[in-house]
Amino acid sequence: MACLSTYNSRSRPDHEPIPAPNATPKLKRPAIHFERMTTPCVSATIAIEIRTTTVNNISNQTMPTEPTSYDLVISGGRVIDPANNIDAKLDVAVSNGKIAAVEANINVSATQRVIDATGLVVTPGLIDLHTHIAADIRKVTNEDLMVTADVAGVNAGVTTVLDAGSTGAFNVGGLVNTIAANATTRVLALLNVGTLGVIRAPEVLSADDINHEAAVEAIKAAPNVIKGVKVRMVSPGITALGIEMPKAAKAIASEAGVPMMVHVGDIMKQDPIAAVLAPTLLTEVLTKGDIVTHTLSHQVGALLANGSLLPQALEARKNGVYFDVGVGGSNFAFTAAQKVIDAGFIPDTISSDVTMMSRFAGPTYSLTECMGKVMSLGISFEDAIRMATAKPAEILGMSKEIGSLSIGAGADISILDLVEGNFRYHDTTGGVGNGSQAIKPVMAIRDGVPQPIDYGPRPWGWLPTQNA
Ligand SMILES: [Zn+2]
């Protein structure tokens with residue numbers, strides 16, 4: 001009779017939220033339970049009867065405190081919320097699309113929907129700080145480089161995606177007005193310094209492909225979506241413009257009052273000038289709040305020079321520059337990654353740089369796959385969660401809205417399965433990383449609403465290949 005005794009509990013947590021003024025009076029509503037209440041301990045009819053009886057019996061006494069009527073409770077999971085230093089078995093309650101309570105043994109007898117997360121991990125909604133989600137705005141035929149926001153997002157267990165420069169000043173309208181407006185996943189974006197973005201890659205052939213005024217105007221027109229500027233240190237832009245290219249991006253970012261993200265590593269042509277420019281870029285162009293992506297890249301012009309970490313990377317970090325992983329198709333190799341990490345240089349954030357090809361043909365697949373890859377290099381699961389929740393939220397200047405399970409924050413939540421095994425991760429150079437853990441996305445909850453999850457990229461679902 002656990003449910004009955006739970007129902008009659010008189011206890012009310014101190015921080016219980018005040019019901020909305022238009023909330024349905026609680027005593028008139030039957031208790032309806034989904035998913036968890038599989039045993040017939042309380043039927044809705046019985047619950048109504050009990051409530052009526054209770055009301056009659058105490059009509060001349062002090063009103064009892066009945067259980068809070070939450071919209072949703074995720075019960076019994078291991079809650080990891082790095083922003084609030086929480087790692088414990090707790091329940092998470094949601095009401096009106098906001099986090100309403102995070103505490104042990106929440107009374108769910110008046111809750112509309114209960115998700116049993118026993119054995120699973122419950123985290124703030126994952127944030128992927130580097131994606132390409134501008135699908136369908138380039139060509140009418142489906143040969144696009146980009147993936148859709150929800151395929152990279154909620155359907156992969158991720159609630160927020162940052163599009164990193166897929167579009168520029170002349171085509172970002174489609175991303176803001178159509179893609180971001182219609183996606184279930186929260187879509188944020190960086191504006192490419194090239195007016196057409198990587199929808200035409202390479203995006204900067206000459207100075208003619210940069211339009212300062214149009215870029216500043218675009219950022220100012222959509223501050224809720226466009227959070228910064230993106231520039232890629234790749235040929236032929238770096239050959240034609242040298243350090244003037246990232247400086248042009250910085251000028252746009254400064255005037256618009258936003259940070260910039262720079263892609264390091266010349267994946268196009270391996271132009272040695274990329275390596276020449278990197279130290280200047282790190283110490284003289286980037287400033288506090290800017291982001292370097294592809295921190296673990298093996299490409300020329302990334303953070304390794306002759307196998308050693310550039311000292312300028314340490315200087316940039318000291319100056320307040322952030323470092324993101326951005327696995328992508330060609331921007332991550334296990335050998336290079338291990339060197340950077342062994343030098344004690346741990347990236348701030350883990351992101352996927354996912355595209356259509358890497359989502360379906362691999363080996364990037366998803367943010368959770370990329371977290372597993374980084375974990376195989378010696379980063380703990382708990383750190384990986386922080387690197388995909390609290391830290392990207394901080395970088396975006398959105399810690400109050402996303403990246404935590406703070407009471408009152410939007411109810412963006414990820415439910416994950418941390419699986420132990422003998423996993424084999426791949427990079428695009430043929431390199432292999434062996435990991436004892438992998439993360440399987442189980443569900444994303446966006447603004448309090450549970451979302452469907454994709455089956456995963458492999459015949460057996462999301463998990464990487466296991467060694468025999
Ligand atoms: Zn990218």
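Residues numbered from 1 in each chain as written. Predicted model: local features only at pLDDT ≥ 70, side-chain atom pairs only at ≥ 80, totals over all residues.

**A short note on the overall build of the protein**
Here is step 1: Secondary structure summary: the protein contains 14 helices and 18 strands in total.
Here is step 2: When contacts within the protein are restricted to residue pairs at least 6 apart in sequence, those whose partners lie at least 24 apart make up 78%. (Helix = DSSP H or I, 4+ residues; strand = E, 2+ residues; numbered from the N terminus. Contact = placed C-beta atoms within 7 Å.)

**Some remarks on the nonpolar core**
Here is step 1: Ranked by internal contacts, the top residues of the largest apolar core, which has 135 residues, are Val92, Ile133, Ala189, Leu191 and Val229.
Here is step 2: Each of two domains, domain 1 (2-75 + 107-116) and domain 2 (124-451), supplies a minimum of three residues to this core.
Here is step 3: Setting aside residues up to four positions removed in sequence, Val229 forms contacts with Leu190, Leu191, Val193, Ala249, Ile252, Ala253, Val258 and Met260. (Core = buried A, V, L, I, M, F, W, Y, C linked by C-beta atoms within 7 Å. Buried ≥ 20, exposed ≤ 12 C-beta atoms within 10 Å, placed from the backbone. Domains from an automatic or database assignment.)

**A short note on unusual backbone geometry**
Here is step 1: With omega at 0°, the peptide bond leading from Ala201 into Pro202 counts as cis.
Here is step 2: Position of Pro202 among the secondary structure elements: in the loop between β8 (186-192) and α5 (212-221).
Here is step 3: Note the cis peptide between Ser235 and Pro236, where omega equals 0°.
Here is step 4: Residue placement: Pro236 occurs in the loop between β9 (226-232) and α6 (237-241).
Here is step 5: In this structure, Asn306 takes a positive phi of about 50° despite not being glycine.
Here is step 6: Phi at Tyr365 is positive, roughly 65°, even though this residue is not glycine.
Here is step 7: For Tyr365, the position within the fold is in the loop between α11 (356-360) and α12 (367-375).

**With respect to the pairing of strand β2 (residues 86-95)**
Here is step 1: As judged from the eight bridges shared by strand β1 (residues 72-81) and β2, these two strands associate in the antiparallel manner. Bridged to Asp81 within β2 is Ile86.
Here is step 2: Turn length for the β1-β2 hairpin, with the two strands adjacent in sequence and antiparallel, is four residues, and the turn residue Asn85 shows positive phi of about 55°.
Here is step 3: In terms of strand pairing, β2 meets strand β3 (residues 98-103) through five bridges, oriented antiparallel. In the sheet register, Val94 faces β3, and the bridge partner there is Ile99.
Here is step 4: Counting the residues in the hairpin turn of β2 and β3 gives two residues, including Asn96, whose phi is positive at 50°. (Pairing = 2+ DSSP bridges.)

**Quick look at the sheet that holds strand β6 (residues 126-131)**
Here is step 1: Strand order in the open sheet formed by seven strands is β6-β7-β8-β9-β10-β11-β14, and the pairing between neighbours is parallel. Only two strands of the sheet have a single partner each, and these edge strands are β6 and β14 (322-324). The sheet shows a mean angle of 25° between the axes of neighbouring strands, taken without regard to direction.
Here is step 2: The pairing of β8 with β9 spans four bridges and is parallel. Paired with Leu190 across the bridge in β9 is Gly228. (Axes fitted to C-alpha atoms, helices over the stretch in contact; angles between N-to-C directions.)

**What about helix α10 (residues 334-342)?**
Here is step 1: What α10 keeps buried is the set Phe334, Ala336, Ala337 and Val340. Buried residues along α10 cover an arc of 160° about the axis, so they all sit on one side.
Here is step 2: Summarising the contacts, the buried residues of α10 are in contact with β12 (304-305), β13 (308-309) and β16 (432-446).
Here is step 3: Of the residues one or two after α10, Gly344 is the one with positive phi, at around 85°. (Arc of directions from axis to C-beta.)

**Topic: the environment of Val193**
Here is step 1: Position of Val193 among the secondary structure elements: in the loop between β8 and α5.
Here is step 2: C-alpha separation for the pair Val193 and Ala215, spaced 22 residues apart in sequence, amounts to 7.3 Å.
Here is step 3: Apart from the residues lying within four places of it in its own chain, the contact partners of Val193 are Val204, Ile210, Ala215, Val229, Lys230, Val231, Ala248, Ala249 and Ile252.

**Notes on the confidence of the model for the protein**
Here is step 1: Across the protein, the average pLDDT comes to 88, with 86% of residues at 70 or higher.
Here is step 2: Mean pLDDT values for the elements of the protein range from 29 in helix α1 (residues 2-7) up to 99 in strand β5 (residues 121-124).
Here is step 3: Throughout residues 1-60 the model reports pLDDT below 50, and contacts reaching past four residues in sequence, or to other chains, amount to 58 contacts. (pLDDT = per-residue confidence, 0-100.)

**As for the environment of Ile350**
Here is step 1: Tracing the backbone through its elements, the reader meets Ile350 in the loop between α10 and α11.
Here is step 2: Each C-alpha atom, one on Ile350 and one on Lys391, is 9.4 Å from the other, the two residues being 41 residues apart in sequence.
Here is step 3: Setting aside anything within four residues of it in sequence, one finds Ile350 in contact with Val325, Cys370, Met371, Val374, Ala384, Met387 and Ala388.

**Examining the pairing of strand β7 (residues 158-168)**
Here is step 1: Where burial is concerned, most of β7 is hidden: eleven out of the eleven residues are buried.
Here is step 2: Examined bridge by bridge, β6 and β7 share four bridges and lie parallel to one another. Across the sheet, the residue bridging to Asp128 is Val161, located in β7.
Here is step 3: Relative to β8, β7 is paired through six bridges, and the arrangement is parallel. Opposite Leu162, over in β8, you have Leu188 as the bridge partner.
Here is step 4: A crossover links β7 with its parallel partner β8, the connecting element being helix α4 (residues 172-182), and its sense is right-handed. (Right-handed = clockwise from strand over helix to strand, strands pointing away.)

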